[in-house]
Each structure stands twice: as structure tokens, then as C-alpha cells.
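# Per-entry structural report
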Amino acid sequence: LITGNRFYSNTGGYLVRVGENTYANQDNYTRGIISNNFFVSNTASSTTSLAAILVYGHKVDISHNTVDGLTQSGTGECWGIYTKVRYGRIIGNFVRNVTAAGSSDNMGINIKGTTRAVTSSPQGFGVVCANNIVRNVGVLGTSGVGIRAQTDDVLVVGNLVEDCGSAGLVADEASAYSNVRFANNEVYYSTLTATTYGIRLEGSGTNSGAVNNTVVNATVGCFLNANAADLADAYCTGNTFTGCTYPVIIDAASTRTLSRPVIDDNVMRSGT
């Protein structure tokens, strides 16, 4: 149990780290709780990666933490919450002001892995990410993501994501991912800014999609993208897109396959 701690104006890398980036040790850390901690105005520089919470393990819950101000002034990566947990929960956290000057990998919440079958490195799967508030991540219209899922069997539900970099919600992984579901989330941009995405599905994904979400003022409301890797059975169902330049885009390169996408029952309002 890690709870009730306060981290103010620290410099360096990981403020709370649980577990190791070694497959053989992944399940040594089980049934943990990281809750009600505060991370305010912490920084890193050069190539050092910065994360408020970094967790490997099994059945570890990350809940009701506040991350307010992570700044990477160099080219290192910057994450509010980064996890490779199996069967974990990320619930009720407040993450905002995660910025990076040179890094393209700055995330509010990053649910990382490859697939269940990988046995060479730790991977998360079976994760519920619910009722979090994520605001002001990255550089608006350029880089940064509110919540990103990169593994199998992830439910991202009931989150509020505002003014986050290039995208609010993203599912992607170069190797493979499956069964990522974005449901009943709200993604807002305060103003319409070029090159912003509400929901982006790409990479080697299977059976993943967006259901009953609300997206406001994104350049693209929902993007099904098979330009870098094949994308199969993606869906965009029952969403509401307001003030989006392009409510939905499906796209594929000539060398890639976008298989059986489903787009149905969406409401598209005030697009241009």
C-alpha cells in the first residue's frame, strides 16, 4: 500500500515505481494499491524519462492520485501514469499539465504492453481505466495523448479528457493489440485546433473501437488508420461528434489492410 504521500518540486525520473522491467519478475508484485498521493511541479531534463507513477505487476490498483505538473525540458519521455499491470485498475485519478519540450511520447495515462503471448518482457493486459480526469497533456495539436492503450483487453470507460496534445484517446501498438474498448468517455478541445484527434485507432489492432463517446472540437472525431499496420474489425458506434472538421475518417495505405470496419449510429453535429 502506497498512499498519502506528497511529491513537490522533485527532479529526475520515477517518483513512484513498483516492479521491474523483467519478465521473470513481473508477477512478484501482486495485489498492490497506489492511492491518494499528490505529485505537484516535478521536473526532469536531458534524456531522463519522467513519470509520477510507473507500475509493473499483477492486480495492482492505481486510484485517486493527483498529478499536477510534470515537465520534461529535454527530449526524455514524460508520463503521468505508466503501467504494465495484468488485471489492474486505474480509477479516479486526476492528471494534468504533463508537458515535454522535445519528446513525442508524453502521456497522461499510458497502458502499455504487447500481447498476452509475449514472454520476453513484461506486458500489461486486462486493465480497466475508469473515471479519470486528464487535462493539458503535451503540446496542443502537435504531440501528447490523454489516455493510450497498447495491449490486450483494455476497457477505457467514463473518463474526461480535455485539451490533450494531438489526441484524446489512442489505441496503438506496432506488434499487436486486441479488444481495446473506449466507451462513454468525453473528449473536449476548448477551441478547434489543427491536427487534433478525439479518438485514434491504429497499429496492429483487432476487434477494438469506440462506443457512446462524446468528442467536441477535434479536427478528426474518430480516426481508423491502417497506414502503418493492418487494422481489423475496428468499430465506431453510437458516438456524438460536435464541431469536428471531419467527424470520422477511415484510411489505409496501399500496402495495408483495413478489414471490416463498422461505423454506425453516430451523431455528427456542426462539422465543417
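About the cut-offs
- Residues numbered from 1 in each chain as written.
- Predicted model: local features only at pLDDT ≥ 70, side-chain atom pairs only at ≥ 80, totals over all residues.
- Heavy atoms only, no water.
- Helix = DSSP H or I, 4+ residues; strand = E, 2+ residues; numbered from the N terminus.
- Rg over C-alpha atoms; globule rule 2.2 N^0.38 Å.
- Contact = heavy atoms within 4.5 Å.
- Areas by Shrake-Rupley, 256 points an atom, 1.4 Å probe, with all protein chains shown as cover.
- Lys, Arg positive; Asp, Glu negative; His and termini not counted.
- Charge placed at Lys NZ, Arg CZ, Asp CG, Glu CD.
- Pairing = 2+ DSSP bridges.
- Axes fitted to C-alpha atoms, helices over the stretch in contact; angles between N-to-C directions.
- Phe/Tyr/Trp six-rings, centres within 6.5 Å; stacked < 30°, edge-to-face > 60°.
- Buried < 20%, exposed > 50% of the residue type's maximum accessible area, 1.4 Å probe, protein only.
- Lys NZ or Arg CZ within 6 Å of the ring centre and 35° of its normal.
- Salt bridge = Lys/Arg side-chain N within 4 Å of Asp/Glu carboxyl O.
- Core = buried A, V, L, I, M, F, W, Y, C linked by side-chain atoms within 4.5 Å.

Here we take up the overall build of the chain. Along the backbone of the chain there are zero helices and 33 strands. Computed over the C-alpha atoms, the radius of gyration of the chain is 17 Å, within 12% of the 19 Å expected from 2.2 N^0.38 for a compact globule of 272 residues. Its C-alpha atoms give the chain principal-axis dimensions of roughly 45 × 40 × 30 Å. Long-range contacts, defined as pairs at least 24 residues apart, comprise 80% of the intrachain contacts of the chain with a sequence gap of at least 6. Within the structure as shown, the chain displays about 10500 Å² of accessible surface, and the carbon and sulfur contribution to it stands at 48%. Side-chain charges in the chain split into 17 positive and 19 negative, and the spacing between the mean points of these groups amounts to 6 Å.

Neighbouring strands of a sheet are bound in pairs by backbone hydrogen bonds; such pairs are parallel or else antiparallel. Across the sheet, ten strands lie side by side as E2-E5-E8-E11-E14-E17-E21-E25-E29-E33; this open sheet has parallel pairing. Of all strands in the sheet, those bounded by a partner on one side alone are strand E2 (6-8) and strand E33 (267-269). Strand after strand, the sheet turns through a mean of 10° between neighbouring axes, direction not considered. In this sheet, strand E17 (residues 160-162) lies alongside strand E14 (residues 133-137) in parallel orientation, the contact comprising three bridges. Bridge pairing in E17 links Val134 to Val161.

Applying the stated criterion across every chain yields a total of four aromatic pairs. Judged by centre distance (4.5 Å) and plane angle (55°), the rings of Trp79 and Tyr82 are tilted. For Trp79, a relative accessible area of 5% gives the class buried. On the basis of relative accessibility, which here comes to 10%, the residue Tyr82 falls in the buried class. For the pair Tyr197 and Phe223, a centre-to-centre distance of 5.3 Å together with 25° between the ring planes defines the contact as stacked. In this pair, Tyr197 is assigned in strand E22 (residues 197-202) and Phe223 in strand E26 (residues 220-226), connecting sequence segments 26 residues apart. One Lys or Arg, Arg200, reaches over the ring of Tyr197 and ends 5.4 Å from the middle of that ring.

All told, the structure shown has six salt bridges when counted by the stated rule. The shortest N-O distance in the salt bridge between Glu202 and Arg200 comes to 2.9 Å. Residue classification places Glu202 among the buried residues on the basis of a relative accessible area of 15%. Using a relative accessible area of 15% as the deciding quantity, one classes Arg200 as buried.

One finds Ile53 and Phe182 to be the most contacted residues of the largest nonpolar core, which totals 55 residues. Top contributing element to this core by residue count: strand E6 (residues 50-58), with four residues. If we skip the residues at most four places from it in the chain, Phe182 touches Val156, Leu169, Val170, Ala171, Ile199, Leu201, Gly209, Ala210, Val211 and Asn213. With twelve residues, the next largest nonpolar core counts Tyr56, Val145, Ala167 and Val170 among its residues.

Purely spatial values, then, with no claim about function.
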